[in-house]
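Single-letter residue listing:
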Amino acid sequence: MNRRNFAKAASLAAVGSVISTRLFADSAVSKVASSTKPYKCLFAPSLSHCKASTEGMSAPDKIQFFYDCGFRALEDNGMLNRKVEEQNAMAKKMSDLGMTMGVFVLYSDWKSPSMSGNRPDISKKAVDKEAVRAMWREKAEKAVELAKRVNAKWCTLVPGLEDPYLEPEYQFANVVENLKYVADILEPAGVIAVLEPLNIKNHPNLYLKRIPQAYAICKAVGSPSIKILDDLYHQQVTEGNLIQNIDTAWEEIAYFQQGDNPGRKEPGTGEINYKNVFKHIWDKGYRGILGMEHGQSDKTVEGDKKLLDSYRAVDVEA
């Protein structure tokens, strides 16, 4: 085969591959989506959702699948750990489709009181503020770099464990001081670290547990780059009273996530009236992301359909 014919054959093969992938994705959507109309709320799935329907798809193809199902946003907690090539491909696909990138995780510390006690190693009582500050600088700078690459605005920050050697007031002061340091790096880039209070049953001994606590921290930091991620699943477990806490902490909340309780699965599988909660948030003027930070009650193709339908059921009226 001469060079010209070889190039032509290669081009036709590439086109054929794209068409085949497109037909595969269209078929997957048709099996699970009762409607392809965009959801009115900005619900954001992750690549871990609808696995049965998207098996074998690349990350960009999965993004296309979610778009075709009606979603206009995506979350990816692990984006920071992906290869740059994959980050770029995902960002391009989302940009081409006009989708909004949700949170990625800047930092989540499950093992040490690095923020509350300035102790990066829980096995040692010694405070090492210099090492902690170096860590925060590295993490914050990487978050800014990634946010620029993937057109992200928000990143999740979990402050770590309580420090059993310090009174609560000293821990509060340490957290505020460290967050001011992080904010100094994020703020010029327009990146927002959202603090996520986590429930005491799934995540015991963490410093940040409740929305009122996060509200007080944000007020003390006083930066547009340090706000609250209100994960409604966690807050239902820890304190309930979802709507009143939303109203009271409203000016410091920048992001929402959800999952039903018990079970942390899709809306309609537990006790939370998400139809009412989402309408309340919408009526207050929120048009930001509602992140689907939960699993699925059924991981089959039929379960994927159930997931999509559950969000149709709780979406605000068009």
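Before any of the text, the structure's been laid out above.
Below, the structure is looked at part by part. Computed from a prediction, not measured in an experiment: that's the story for all the values here.

It is worth spelling out the packing of helix α4 (residues 84-97) against helix α5 (residues 129-150) at this point. At a closest axis distance of 8 Å, the pairing of α4 and α5 adopts a crossing angle of 45 degrees. As summarised for this structure, α4 and α5 are arranged oblique, according to the angle between their axes. Contact residues: V84, Q87, N88 and A91 in α4; L146, R149 and V150 in α5. A per-class count over the contact of α4 with α5 returns 4 nonpolar, 2 polar and 1 charged.

End to end, α5 covers 31 Å across 22 residues, agreeing with the expected 32 Å (1.5 Å per residue, within 8%). All of the buried residues along α5 are V132, R133, M135, W136, A140, A143, V144, L146, A147 and V150. Its buried side turned inward, α5 meets α4, β3 (100-101), β4 (104-108), β5 (154-158) and α6 (168-186). Just past α5, the residue N151 takes up positive phi, approximately 60 degrees.

The subject of this paragraph is the packing of aromatic side chains. For the coordinates displayed, the defined rule picks out 12 aromatic pairs. Measuring from ring centre to ring centre gives 4.7 Å for Y107 and W136, while their planes differ by 75 degrees; the resulting arrangement is edge-to-face. With Y107 in strand β4 and W136 in helix α5, this pair connects stretches of sequence that are 29 residues apart. Judged by its relative accessible area of 11%, Y107 falls in the buried class. Among the aromatic residues, those joined into a cluster by ring pairs are Y39, F43, F65, F66, F71, Y274, F278 and Y311. Directly above the ring of Y181 sits R133, whose terminal nitrogen or CZ lies 4.8 Å from the centroid. We note R312 situated over the ring of Y39; from NZ or CZ to the ring centre the distance is 3.8 Å.

To continue, consider the environment of A254. Relative to the elements of secondary structure, A254 occurs in strand β8 (residues 253-258). A sequence separation of 25 residues divides A254 from L229, and the C-alpha atoms of the two residues are 6.3 Å apart. Beyond its immediate sequence surroundings of up to four residues, A254 is in contact with W154, V194, K227, I228 and Y286.

For an α-helix, the turn length of 3.6 residues means that residues three or four places apart are oriented alike. Within the span of helix α7 (residues 211-221), buried status applies to I211, Q213, A214, I217, C218 and V221. The buried side chains of α7 occupy one side of the element, clustering within an arc of 155 degrees when seen end-on. Turning to α7, the residues buried within the fold contact α6, β6 (192-195), β7 (226-231), α8 (232-238) and α9 (242-248).

Tracing the sequence through the fold places N199 in the loop between β6 and α7. At a separation of 2.7 Å, a polar atom in the side chain of N199 contacts the main-chain amide nitrogen of N202. Look past the residues within four positions of N199 in its chain and what remains in contact with it is P204, Y233, H234, V237 and T238.

Moving on, we get to the sheet that holds strand β9 (residues 289-292). Strand order in the open sheet made by the 7 strands is β1-β9-β8-β7-β6-β5-β4, with parallel pairing throughout. Each edge of the sheet is formed by a strand with only one pairing partner; in this case those strands are β1 (42-44) and β4. On average, each strand axis in the sheet is tilted by 30 degrees relative to the strand beside it, whichever way the strands run. On the sheet, α5 packs against β4 and β5 and is oriented at approximately 180 degrees with respect to β4. Of the strands in this sheet, β1, β8 and β9 touch helix α10 (residues 274-283), which is tilted by about 165 degrees from β8.

Tallying each qualifying case throughout the model produces 20 salt bridges. Note that D76 is salt-bridged to R82, the shortest N-O span being 2.6 Å. According to the relative accessible area criterion, D76 is buried, its value standing at 5%. Through salt bridges that share partners, K219, K227, E251 and E252 make up one connected network.

Reading the values: rules and limits
Within each chain, residue numbers correspond to sequence positions counted from 1 in written order. Thresholds applied to this predicted model are a pLDDT of at least 70 for local features of residues and 80 or more for the giving and counting of side-chain atom pairs; totals over whole chains, interfaces and linings are not thresholded and use all residues. The side-chain figures draw on all heavy atoms in the structure; neither hydrogens nor water molecules are used. Throughout, an axis means a line fitted to C-alpha atoms (over the contacting stretch in the case of helices), and angles, computed between N-to-C directions, take values from 0 to 180 degrees. Each helix corresponds to a stretch of at least 4 residues labelled H or I by DSSP, and each strand to a stretch of at least 2 residues labelled E; elements are numbered beginning at the N terminus. Comment on the angle field: the value is read as roughly parallel under 35 degrees, roughly antiparallel over 145, roughly perpendicular from 65 to 115, and oblique elsewhere. We call two residues in contact whenever any of their non-hydrogen atoms come within 4.5 Å of each other. Here the term charged refers only to Asp, Glu, Lys and Arg, the term nonpolar to Ala, Val, Leu, Ile, Met, Phe, Trp, Tyr, Cys and Pro, and the term polar to all other amino acids, Gly among them. A helix's residues, less one, multiplied by 1.5 Å, set its expected span. Exposure is judged per residue with a 1.4 Å probe applied to protein chains only, and the accessible area is read against the type maximum: over 50% gives exposed, under 20% gives buried, and values in between give partly exposed. Classification of ring pairs rests on two measures: the distance between centres of Phe, Tyr or Trp rings, Trp counted by its six-membered ring, which must be within 6.5 Å, and the angle between planes, read as stacked under 30 degrees, edge-to-face over 60 and tilted in between. For a Lys NZ or an Arg CZ to count as sitting over a ring, it must be within 6 Å of the ring centre and within 35 degrees of the ring normal. Summarising the geometry, the arc corresponds to the directions from the helix axis toward the C-beta atoms. Contacts described as polar in this section are N or O atom pairs within 3.5 Å, which, within protein, must combine one atom able to donate a hydrogen with one able to accept it, while residues neighboring in sequence count only if both atoms come from side chains. Here the rule is simple: two strands pair whenever DSSP picks up at least two bridges between them. Salt bridges are defined as contacts in which a side-chain nitrogen from Lys or Arg sits within 4 Å of a carboxyl oxygen from Asp or Glu.

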